[in-house]
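Observations on the three-dimensional arrangement
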Amino acid sequence: MHNPQNESRRRKRIISFLQNHSSFSPKIKMMPSRTLTPSALKNSIILFSFLLIIYLFFYYPSLHGPPRLLSSHVVTANPLTRRHLLFSIASSSSSWPRRRSYVRLWYSPNSTRALTFLDRAADSSSAGDPSLPRIVISADTSKFPFTFPKGLRSAVRVARVVKEAVDLTDEKAGVRWFVFGDDDTVFFVDNLVKTLSKYDDDRWFYVGSNSEGYEQNAKHSFGMAFGGGGFAISHSLARVLAGALDSCLMRYAHLYGSDARVFSCLVELGVGLTPEPGFHQLDMRGDMFGMLSAHPLSPLLSLHHLDAIDPIFPNTNRTQALQHLFKAVNVDPARILQQTVCYDQSSQLTVSVAWGFAVQVYEGNQLLPDLLSLQRTFTSWRRGSNVESHFMFNLRDYPRDPCKRPIVFFLESVLSHNNSVQSNYVKHVVGNCARADVVRKIEKIRVFSEKLELDVEEMKSPRRQCCDIFPTYNESMNIKIRQCGGNELISMHF
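Residues numbered from 1 in each chain as written. Predicted model: local features only at pLDDT ≥ 70, side-chain atom pairs only at ≥ 80, totals over all residues. Heavy atoms only, no water.

A few points about the overall build of the protein chain
The condition that has to hold: Labels follow the DSSP assignment, with helices taken as runs of H or I lasting at least four residues and strands as runs of E lasting at least two, numbered in each case from the N terminus. Summary of the burial criterion: residues with accessible area below 20% of their type's maximum are buried, those above 50% are exposed, and those between are partly exposed, where the area comes from a 1.4 Å probe applied to protein chains only. Residue contacts are defined here by distance: any two heavy atoms, one from each residue, within 4.5 Å place the two residues in contact. For every accessible area listed, the method is Shrake-Rupley and the probe measures 1.4 Å; residues are considered covered only by the protein chains on display.
On a plain count of helices and strands, the protein chain comes out with 15 helices and 21 strands. In the protein chain, buried positions account for 48% of the 494 residues. Taking contacts inside the protein chain between residues at least 6 apart in sequence as the whole, the part at least 24 apart equals 68%. Here the protein chain has roughly 25,200 Å² of accessible surface; of this, 54% comes from carbon and sulfur atoms.

Rendered as structure tokens:
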């Protein structure tokens, strides 16, 4: 760090050194002029130039220091917490009344900072509700052009939420990350805190993920964070972006969405996307089982487009299903949806656990790489019989015949004591299928685990965990999740 007192002492030493050794010092001036030969003059010039370089090096540290615009890469000493994040939710007076139940799932007034931006005041039933974020009425954006054919002009207002959120936040408030999403986005806040801890918020970071749909990315950008899935901007970048955003909005009237406008302005600032696969735009419709049962080896950060998907648990509505998922999230957030696969060689069974959601039991030996591919239980975002759909991940068929599918056990309950966790799953029967006796008898699966606590270094190089099936079971199967051995393979051993 630049210390003025140290600089002053250093300057005095250098100046004294220069006076004692300069070719213009009194000692040298007293020498007869005839002794200053061309060779001596050349040496004096070289010596003076060398000393001048040293002087400039110490006297002007900004010449060799980092640019003022970007801070040096020093990780903040204080650990990142929920209170260091400010969530800004883009909503409207028409959608807020029916979608605020999604926000209640993840927002906690005692530990979470959030603002909801509306176009105008909604019904008064949520005014002053402590279970919901404070409502902010967005500023008028009529002066900004919008020319996208048949598009929604609200894209300009939603883009400007970035600027308004920053302008409303004092620099001394301790906000280190600004997080943006929609009113139908569910965030997993503890996982987001852990994930953002990998990055130095004093540097410029734009963190998010693109769409699951290839066509959506091709249409908008493969390098853009899709806004519904959510994205995070470090405080140092957010304040610069807020100052530039209005001028960018004047130039990008032809774009469709708010996220494209924010992305374009960030591109002009020279910033690229830092991808995190735990953000989920969910540009799909229907049954998300295939997606949720084979989540990437990365913490779950968000789920979007909740109005367009089926309830993720049977015999529930959408909100009830998500409330049920959060029973597991609140016990062990880092482990939610993390896929673990184990094998029972004696019974020739393969078991895939998506923790906190579902367990699948396959007859026979299923190779791990095949199980990491998503079963195509969902449809594309765009509707139509002639619509082509391609996705950004590997897919495998989901058999129409339910008897050709694995048996599925959905989450029933979660119990915890200290760091020990037991999650229970019950069989979901579909069709009257002939199964092997060993599989047909199983009605419940218990999964035992320790609360997953990963430090920053472990998150930078994650490793899938292993599991063991207890040797004897009839109606109940017991599974223990654990860390894998040093050279252990996740496979069926013969």
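A few points about the sheet that holds strand 13 (residues 358-363)
Cut-off, in case you're wondering: Any two strands between which DSSP finds at least two bridges are classified as paired. The axes used here are C-alpha line fits, helices contributing only the stretch in contact, and every angle between their N-to-C directions lies in the interval 0 to 180 degrees.
With respect to topology, eight strands assemble into an open sheet ordered 11-12-13-17-18-19-21-20, the strand pairing being mixed. Because the sheet does not close on itself, it has two edges, and the strands there are strand 11 (339-344) and strand 20 (466-469). Averaged over neighbouring strand pairs, the angle between their axes works out to 25° when direction is ignored. Here strand 18 (residues 420-428) pairs with strand 19 (residues 444-450) via seven bridges, running antiparallel. Bridge pairing in strand 19 places S423 opposite V447.

A short note on the sheet that holds strand 4 (residues 177-182)
Spatially, seven strands are ordered 3-2-1-4-7-6-8 in an open sheet, and the strand pairing comes out mixed. Lying at the two open borders of the sheet, with one neighbouring strand each, are strand 3 (134-137) and strand 8 (274-275). In terms of strand pairing, strand 6 (residues 206-208) meets strand 8 through two bridges, oriented parallel. Looking at the pairing, G208 lines up with P275 of strand 8. Contacting strand 4, strand 6 and strand 7 (231-234), helix 9 (residues 235-251) crosses the sheet at an angle of about 90° to strand 7.

Side note on the packing of aromatic side chains
Put simply, the test is: In summary, the pairing rule links any two rings of Phe, Tyr or Trp, Trp by its six-membered ring, whose centres are within 6.5 Å, and it sorts them by plane angle into stacked for under 30 degrees, edge-to-face for over 60 and tilted for everything else. In this scheme, Lys NZ or Arg CZ marks a charge over a ring once it lies within 6 Å of the ring centre and within 35 degrees of the ring normal.
Tallied over the full model, the rule gives 19 aromatic pairs. Relative to F205, the ring of Y199 lies with its centre 5.0 Å away and its plane at 45°, an arrangement referred to as tilted. For Y199, a relative accessible area of 15% gives the class buried. The lysine or arginine in question, R285, covers the ring of W381, its NZ or CZ lying 3.9 Å from the ring centre.

What to know about the pairing of strand 1 (residues 85-90)
A regular strand places its side chains on the two faces of the sheet in alternate fashion. Burial within strand 1 is extensive, with six of its six residues counted as buried. Covered by surrounding structure in strand 1 are L85, F87 and I89 together with L86, S88 and A90, the residues of both alternating faces. Relative to strand 4, strand 1 runs parallel, the two sharing six bridges. Bridge pairing in strand 4 links L86 to F178.

Remarks on the pattern of salt bridges
So the rule is basically this: Salt bridges are identified by distance alone: a Lys or Arg side-chain nitrogen within 4 Å of an Asp or Glu carboxyl oxygen.
Under the definition given, this model contains 21 salt bridges. Of the charged contacts, one joins D201 and R176 as a salt bridge, the two residues approaching to 3.1 Å between their closest N and O atoms. Of this pair, D201 sits in the loop between helix 7 (189-196) and strand 6 while R176 sits in the loop between helix 6 (161-167) and strand 4, and the two are 25 residues apart along the sequence. This pair shows no difference in class: D201 is buried, exactly as R176 is. Salt bridges linked by common partners bring R99, D183, D184 and D307 together as one network.

Let's talk about the state of the cysteines
Note the following rule: By convention in this document, the label disulfide applies to cysteine sulfur atom pairs within 2.5 Å.
Tallied over the full model, the rule gives four disulfides. Disulfide pairing is shown between C248 and C265; the S-S distance is 2.1 Å. Taking the sign of the S-S torsion, about 65° here, the bridge from C248 to C265 comes out right-handed. You can see C248 sitting in helix 9 and its partner C265 sitting in helix 10 (residues 258-268), a full 17 residues away along the chain. You'll find C248 and C265 in the same group, each marked buried. With a sulfur-sulfur separation of 2.1 Å, C403 is cross-linked through a disulfide to C433. Disulfide C403-C433: the torsion about the S-S bond is -85°, which places it as left-handed. Here C403 is found in the loop between strand 16 (395-396) and strand 17 (407-417), whereas its partner C433 is found in the loop between strand 18 and helix 14 (437-440), with 30 residues between them in sequence.

Quick look at the side chain of Q360
Put simply, the rule reads: Polar contact is defined as a pair of N or O atoms within 3.5 Å, subject to the rule that within protein one atom must be able to donate a hydrogen and the other to accept it, and that residues adjacent in sequence are counted only when both atoms are side-chain atoms.
Inspection of the secondary structure puts Q360 in strand 13. By relative accessible area, which is 3% here, Q360 ends up buried. Within the local environment of Q360, its side chain forms a polar contact with the side chain of Q375, the two groups lying 2.9 Å apart. Not counting the four nearest positions on each side in its chain, Q360 is found in contact with F289, S293, T350, V351, S352, Q375, P406, I407 and V408.

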